[in-house]
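Observations on the three-dimensional arrangement
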Amino acid sequence: MKKIEFFGGDIMGRIEKIISEISEFKNSERAEHSQKYFKGNDGYGKGDKFLGIKVPIIRRFAKKYKDLDFSEIEKFLNSEYHEFRLLALFILTHKYKKYPDKVVEVYLKNIDNVNNWDLVDSSAPHILGAYLYEKDKSLLYDFAKSNNLWKQRIAILSTFYFIKRNDFSDALRISEILINHEHHLIHKAVGWMLREIGKRNKKVEDEFLKKYYEKMPRTMLRYAIEKYPETERKKYLKGEV
């Protein structure tokens, strides 16, 4: 059997079987596109490697192998390949309902490998958001105040779980912390969460925007007011609110 070295060494047994199965869906052209799309060359995803496997295929394998042991999941979560880390995170979300404490333990232990926007968005609300919903949320504030782009995005995206339950307070406070952030990925994330709040309670979003819209980055504002009526959107963009 040909040795597979996706993890820097020989991986035998079930992991090798999964790698072999997934590898049939590799696509070099798509991998090159993903390298650029997720800024894996010299941008925020520098050093990330891609196999060019479509997300629906990864989801299918995650469902098929949702009973992987946590030690096996961690091997995928520590892979240099983006798609394997995504696979691990999908599996963790499958396992969360049955093993919440262990899933969060593994997630936080390997948090540095949740290091691109899709990895964050696919996991933070379903794992950390769900876990902290009725618990102390100081970890999210620590993440928001850190200098780590991905922890900051995890902080705001985790609040999506709260927002869906009409609990907006933490999302608004974390948005305030991140309001002057320099990176467009945070601008988009905060604007997105504000928009989600507005879909459920426009008055709450309006109150926040009227206080901060003149100082928030343009991209953040555009994302936040995307669903607003055209005339109201123009007023915000022109600073006439």
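Since this is a predicted model, take the numbers as computed values, not measurements.

Looking now at the overall build of the protein chain. Of regular secondary structure, the protein chain possesses 15 helices and 0 strands. Relative to a compact globule of 241 residues, whose C-alpha radius of gyration would be 18 Å, the protein chain shows 19 Å and is just as compact. Considered along the principal axes of its C-alpha atoms, the protein chain spans approximately 70 × 40 × 30 Å. Per-residue burial over the protein chain gives 53% buried out of 241 residues.

Turning our attention to the confidence of the model for the protein chain. Across the protein chain, the average pLDDT comes to 94, with 95% of residues at or above 70. The model gives residues 1–11 a pLDDT under 50, and that stretch makes 25 contacts with residues more than four places away or in other chains.

In the Ramachandran plot, Lys39 falls in the positive-phi region, its phi being about 55° despite a non-glycine side chain. For Lys39, the location among the structural elements is in the loop between helix H2 (28–37) and helix H3 (55–64). The phi dihedral of Asn166 falls on the positive side, at around 60°, and the residue is not glycine. With respect to the helices, strands and loops of the structure, Asn166 is situated in the loop between helix H10 (149–163) and helix H11 (169–178).

It is worth spelling out the domain arrangement of the protein chain at this point. You can read the domains of the protein chain as domain 1 (18–122) and domain 2 (135–240). Spacing between the C-alpha centres of domain 1 and domain 2 amounts to 26 Å. Contacts between domain 1 and domain 2 engage 11 residues on the former and 12 residues on the latter. Contact between domain 1 and domain 2 buries roughly 910 Å² in total, counting both sides, with carbon and sulfur atoms accounting for 76%. Summed over the three residues of domain 1 that lose the most area to domain 2, namely Tyr44, Val120 and Asp121, the buried surface amounts to 49% of that side. Inspection of the region where domain 1 meets domain 2 yields 1 salt bridge. The closest approach of N and O atoms between Asp121 and Arg153, which form a salt bridge, is 2.7 Å.

Here the focus is the pattern of salt bridges. Charged atoms that come close allow side chains of opposite charge to pair. Considering all chains together, one arrives at 18 salt bridges under this definition. Notably, a salt bridge pairs Glu32 with Lys36, separated by 4.0 Å at the nearest N-O pair. Taken together, the positions of Glu32 and Lys36, both in helix H2 and 4 residues apart, correspond to about one turn of that helix. Among the residues examined, Lys36 registers a relative accessible area of 54% and is labelled exposed.

One pass over the full model with this rule turns up 16 aromatic pairs. Plain terms: the ring middles of Tyr37 and Trp117 are 6.0 Å apart, the flat faces sit at 75° to each other, and that makes the pair edge-to-face. Of this pair, Tyr37 sits in helix H2 while Trp117 sits in helix H7 (residues 117–121), and the two are 80 residues apart along the sequence. Taking relative accessible area as the criterion, Trp117 reaches 21% and is therefore assigned partly exposed. Seen from their ring centres, Tyr213 and Tyr236 are 5.1 Å apart, and the 90° between their planes marks the pair as edge-to-face. You can see Tyr213 sitting in the loop between helix H13 (202–212) and helix H14 (218–224) and its partner Tyr236 sitting in helix H15 (residues 230–238), a full 23 residues away along the chain. Each member of the pair, Tyr213 together with Tyr236, is buried. Members of the aromatic cluster, connected to one another through ring pairs, are Tyr37, Phe38, Phe50 and Trp117. One residue, Arg165, lies across the ring of Tyr161, its end atom 3.5 Å from the ring centre. Over the face of the ring belonging to Tyr228 we find Lys202, whose NZ or CZ atom lies 4.3 Å from the ring centre.

Conventions and cut-offs
- Residue numbers restart at each chain and count upward from 1, following the sequence in its written direction.
- Only residues with pLDDT of 70 or above have their local features reported here, since the model is predicted, and side-chain atom pairs are shown and tallied only from 80 upward, although totals for entire chains, interfaces and linings are computed over all residues.
- Side-chain measures here rest on the full set of heavy atoms in the structure, leaving out hydrogens and waters.
- Strands are runs of DSSP state E lasting at least two residues, helices are runs of H or I lasting at least four, and both sets are numbered from the N terminus onward.
- Here the globule rule reads 2.2 Å times residues to the power 0.38, and the radius of gyration is calculated from C-alpha atoms.
- Each residue is assigned to one of three classes by its accessible area relative to the maximum for its type, calculated with a 1.4 Å probe on protein chains only: buried under 20%, partly exposed between the two thresholds, exposed over 50%.
- The score called pLDDT rates the predictor's confidence residue by residue, from a low of 0 to a high of 100.
- In this description, contact between two residues means that some pair of their heavy atoms is separated by no more than 4.5 Å.
- Just so you know, the domain bounds were taken from an automatic or database domain assignment.
- Buried area adds together the accessible area that both of two parts lose upon being put together, with accessible area traced by a 1.4 Å probe.
- Here a salt bridge means any side-chain nitrogen of Lys or Arg lying within 4 Å of a carboxyl oxygen belonging to Asp or Glu.
- Each Phe, Tyr or Trp ring (for Trp, its six-membered ring) is paired with any other whose centre lies within 6.5 Å, and the angle between the two planes then decides the class: stacked below 30 degrees, edge-to-face above 60, tilted in between.
- By definition here, charges over rings are those cases where NZ of Lys or CZ of Arg is within 6 Å of the ring centre and within 35 degrees of the ring normal.

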